[in-house]
Amino acid sequence: MASLNLQYDAAIGGNVRLPDEINAANFAESRKEEVCQMLRNMASTTHQRKLMHQSLPLHMRRRAMSYDPKRLPRKFRSVHLSQFSKSGVSEKKKRPSRKFRRKPHNLLKEYERRKRASVWLETHVWHAKRFHMVSRWGYKIPQAPCNKSYRSSYRASSKHCLMHDLSYEGCVEVSGNETALKEGFRRMCSDRIGLTMGAKAYSAGQRAGYVWLYEDGAYPYGCLGKVRFLWRPNDTADEDHRTVWIFAHPTFYRQLVEQLVKIFQLQNALRKTNSTIKDITRNPAEIRFPRYSSPESTVEVVELKDTLNRFQLTGPLSHATLNKTFRLFVPPTQTDVANQTWFTEYSDRSPKCKKVLTNQMAYWTDIKDLTSPGELSPGEVIALIVQDPRLNRPSRRTKALPELPARYNFAESILPREMQPRAIRSISPLWDETIRKRIGEEMKSTHELNQLRNAEAFVPGEPCASELLLQPVPVILLQNPGSQDADYKRLGYGSGWEVIVPAGYGLAVWQSLTMWGAKAVGQQQLNMMALESGYDRYGVPDTVPGQLEATRVQTEALQKYFNRPSNKRVNYTKLSIVSPFRCPWTQLTREWNSTLKEGNDASPFYVLRDQDSLAKLRMALDRKFNIHSIGLSPNALVPVLLTLKTRGNPGDNALICLPNRSDFRMNKQNRLDAQHGPVYMEPLQQDPHATERATLRAQHLRTLKRLRNRRVREKKRLQRAKPGALVRIPKANNRALVEEQLKRMSELWLPATPATIRNQCTRECFGYVTQCGFSLSEGNVSGIGYVTARGLEKLFKICTKGTVKVMIRGTQTRGYRFATIRIAH
């Protein structure tokens, strides 16, 4: 029966009556043909432009359907697999489970595979679980811990113990006649900087030192970098034959070896062709210790890279940490033949071994309760033979604290003690190559040690008989004096120890040091410590590490800068900043050197390290010496320490500019009004390349769109020629076009060769800040920078009275702020 309610159909017009019920059988019969046609269209691939998983309704689609057929309904899987097989994409195999991958034998295979790209330190696995790891200089090293560590690292360096793994610095062993060695080292360093490697204070082997090395006879140009060196004491019959260890940064390690081979005229015994220096020093990867010698000379150079572990401990508690970690080895009275170690043969071969060991133990016992390593002689070397550090490890992390010795209790009388000979303190079996090899071969792994403990120890934690038979470990301790000038930093800040450990025992010693309270840090915290101490770590512009680090930082900053969209980039042209990511020292010194012609780079720059000239500059800053009478070279860069007088942090690569008279008046007015803003604001400049960049971008987009449309038309033409077949056309070959566009746009954003550096802004630029940040020890923003000699002389003409001040401007601001300068050490 029809409904009594009349309804109006706008398409037909008029009133219609709708039925109250529908016959299901009749309705299904009428819809049967439509459903069959739909299924035929879905199964057919002739005119289908979508894949099966793309043809499903929106509520049934899943992202994983494109690569996982089990996500589709069962009736559509066969069609999907057919389409997937025709696409030519290889089938993805299931990744093994993590449980399978973490099995010991599989884990070692995975480690060996990952070591091919970068060299791993012995402490790599320990660091990888707790630190952000980065690839630097061919090594995988820790960058920063995963937890917050800035303030805690400073507290550790000033009050506790900070630790870092320096094993990536390679060691070069140079041995030969003492006179020949000193003559060769004299050509690589200068006595105008300070004590050289041939100084009597170091040649006896009682002290370790730092020295700046240069190319052969190139001083003051051609600086390689700063190295740590150590002479072997006279413990052999031949007193004229000496040995030196030189620890160099991996960035100039190869250049150091080449310079040594060139100076001493050495040859590679394993190679027949020795035409060039690079050919002589090229060795296969399987050679562990490359050697260079010459029949005409007694000098021999051996590369000991990646064969010694070197840990750096900083802080007043570093001495107490070493005292708790290392338990002195007491040689047994009798030893069975089956339980003999390298120490048995060493003591039998060396007649004065017992005397040396006794004196070293007595001296370490006397100084074990020092409250800071800064109380010892600067650079002192102490050799010790200690027990296996795994035997003297607390069950939980414990902070090592020194006991208050009687020497600090002035109420008690102190008996005079017999001083031990200093030359005996540094004698160590670690210098012997045979002993170092035996130590690594005879070391018991932690797994073997745990098996012995499980078999022999009745009470867990109690020592067992096999622990007493473990071989001793020779270590060498090098003292770092820290701050020696109270005018720059409080005395003793930065003092600590460097521990040289044989290969194989790196992780064991590292874990023991951490269990006794040492805080491990990475490269980021070392840069913080360098800023706190007032020395430039990797930013010295005339050294190999400084140049490579500047190139790396600039490359990463440029990539990050151009990855941003154009409307999110800082327009440095408007800010009058021509080089925001790198300091152009060569162009800066050339513009300040009026004697050089335009475009003449014959005289490169160098960093002033002459101690006499630096001392006169310090007196000139105190108005006690005339700076013009020093005779500074126009190619010299003077290292300075800067301290901001007001708020603000300009950051790295900030400009150091000369002030005007009006700036001093404005600064005085700001202080009277208690204003902390900038002294002067750089006027905003116009960008002359903005229109050209917009035009180039529009043209580039039109070109890409035209090429894409051409490829689409070509694909459609092929599909019409071969209906039902899968048509594939080659990918767009636009790489050269995109690279050319990026190069042109980069030049318009940041020109590679700016017109001027000195006059890039309204205030004359005469230097750059390489590192800047908030100093927790000073309580203000401090920085390390370099200024040109001619600019410094002009600064003294401007600052005729009062404190010498400069103006600093960051790369992302227009505000200038005043800062005081000091000459760095």
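Up top you'll find the structure we're talking about.
Remember, predicted model here, so these are calculated numbers, not experimental data. (Residues numbered from 1 in each chain as written. Predicted model: local features only at pLDDT ≥ 70, side-chain atom pairs only at ≥ 80, totals over all residues. Heavy atoms only, no water.)

**Regarding the overall build of the protein**
Phase 1: Secondary structure summary: the protein contains 26 helices and 26 strands in total.
Phase 2: Computed over C-alpha atoms, the radius of gyration of the protein comes to 36 Å, more than 25% over the 28 Å expected from 2.2 N^0.38 for 825 residues, which places it beyond the range of a compact globule.
Phase 3: Counting over 825 residues, the protein shows a buried share of 45%.
Phase 4: The contacts in the protein between residues at least 6 apart in sequence include a share of 73% that link residues at least 24 apart.
Phase 5: Of the roughly 45,800 Å² that the protein leaves accessible, carbon and sulfur atoms contribute 52%. (Helix = DSSP H or I, 4+ residues; strand = E, 2+ residues; numbered from the N terminus. Rg over C-alpha atoms; globule rule 2.2 N^0.38 Å. Buried < 20%, exposed > 50% of the residue type's maximum accessible area, 1.4 Å probe, protein only. Contact = heavy atoms within 4.5 Å. Areas by Shrake-Rupley, 256 points an atom, 1.4 Å probe, with all protein chains shown as cover.)

**Notes on the packing of helix H24 (residues 690-721) against helix H25 (residues 735-749)**
Phase 1: Orientation of H24 relative to H25, taken along the N-to-C sense of each, is 170°, at an axis distance of 11 Å. Accordingly, the angle class assigned to the pair H24 and H25 is roughly antiparallel. Contacts between H24 and H25 pair Glu692, Arg693, Leu696, Arg697, His700, Thr703, Leu704 and Leu707 from the former with Leu737, Val738, Gln741, Arg744, Met745, Leu748 and Trp749 from the latter.
Phase 2: Taken together, the residues of the contact of H24 with H25 break down into eight nonpolar, three polar and four charged. (Axes fitted to C-alpha atoms, helices over the stretch in contact; angles between N-to-C directions. Parallel < 35°, antiparallel > 145°, perpendicular 65-115°, else oblique. Nonpolar A, V, L, I, M, F, W, Y, C, P; charged D, E, K, R; others polar.)

**Topic: unusual backbone geometry**
Phase 1: For the peptide bond that leads from Tyr219 to Pro220, omega is 5°, which places it in the cis range.
Phase 2: One can find Pro220 in the loop between strand S8 (208-214) and strand S9 (223-231).
Phase 3: In this model, Ser576 sits at a positive phi of 60°, which is unusual for a non-glycine residue.
Phase 4: Of note, Ser576 is situated in the loop between helix H20 (544-563) and helix H21 (585-592).
Phase 5: The phi dihedral of Asn653 falls on the positive side, at around 60°, and the residue is not glycine.
Phase 6: Take Asn653: it is sitting in the loop between strand S20 (636-644) and strand S21 (654-657).
Phase 7: For Asn653, a relative accessible area of 14% gives the class buried.

**Thoughts on the sheet that holds strand S3 (residues 119-120)**
Phase 1: Read from one edge of the open sheet, three strands run S3-S5-S4, paired in mixed fashion. Each edge of the sheet is formed by a strand with only one pairing partner; in this case those strands are S3 and strand S4 (131-136).
Phase 2: As paired strands, S4 and strand S5 (residues 139-145) are joined by six bridges and run antiparallel to one another. Bridging across to S5, Val134 finds its partner in Ile141. (Pairing = 2+ DSSP bridges.)

**As for the pattern of salt bridges**
Phase 1: Scanning all chains against the criterion turns up 33 salt bridges.
Phase 2: Put simply, Glu183 and Arg186 hold a salt bridge, and the shortest N to O gap is 2.5 Å. Of the two residues, Glu183 and Arg186 are both situated in helix H8 (residues 178-186); the distance of three residues between them amounts to about one turn of the helix.
Phase 3: Look at Glu183 and you get partly exposed, because its relative accessible area is 41%.
Phase 4: Across the pair Asp216 and Arg187 runs a salt bridge whose closest N-O atoms are separated by 2.5 Å. Note that Asp216 is positioned in the loop between S8 and S9 and Arg187 in the loop between H8 and helix H9 (200-203), a separation of 29 residues in sequence.
Phase 5: Look at Asp216 and you get partly exposed, because its relative accessible area is 22%.
Phase 6: Each of the salt bridges in this network shares a partner with another, and the network as a whole consists of Glu169, Arg228, Arg310 and Glu498. (Salt bridge = Lys/Arg side-chain N within 4 Å of Asp/Glu carboxyl O.)

**Points about the packing of aromatic side chains**
Phase 1: Applying the stated criterion across every chain yields a total of 26 aromatic pairs.
Phase 2: When the centroid spacing of 6.4 Å and the interplanar angle of 40° are considered together, the rings of Trp126 and Phe131 count as tilted. Grouping residues by exposure puts Trp126 and Phe131 together as buried.
Phase 3: Ring centres of Trp245 and Phe247 lie 6.4 Å apart, and the angle between their planes is 80°; this geometry places the pair in the edge-to-face category. Like Trp245, the residue Phe247 is buried in the burial classification.
Phase 4: An aromatic cluster is defined as three or more aromatic residues linked by ring pairs; in this entry it consists of Tyr561, Phe562, Tyr572, Phe581 and Trp749.
Phase 5: One cation-aromatic arrangement involves Arg310 over Phe247; the distance from NZ or CZ to the ring centre is 4.7 Å.
Phase 6: Seen from the ring of Phe818, Lys805 lies directly overhead, with NZ or CZ sitting 5.9 Å from the centre. (Phe/Tyr/Trp six-rings, centres within 6.5 Å; stacked < 30°, edge-to-face > 60°. Lys NZ or Arg CZ within 6 Å of the ring centre and 35° of its normal.)

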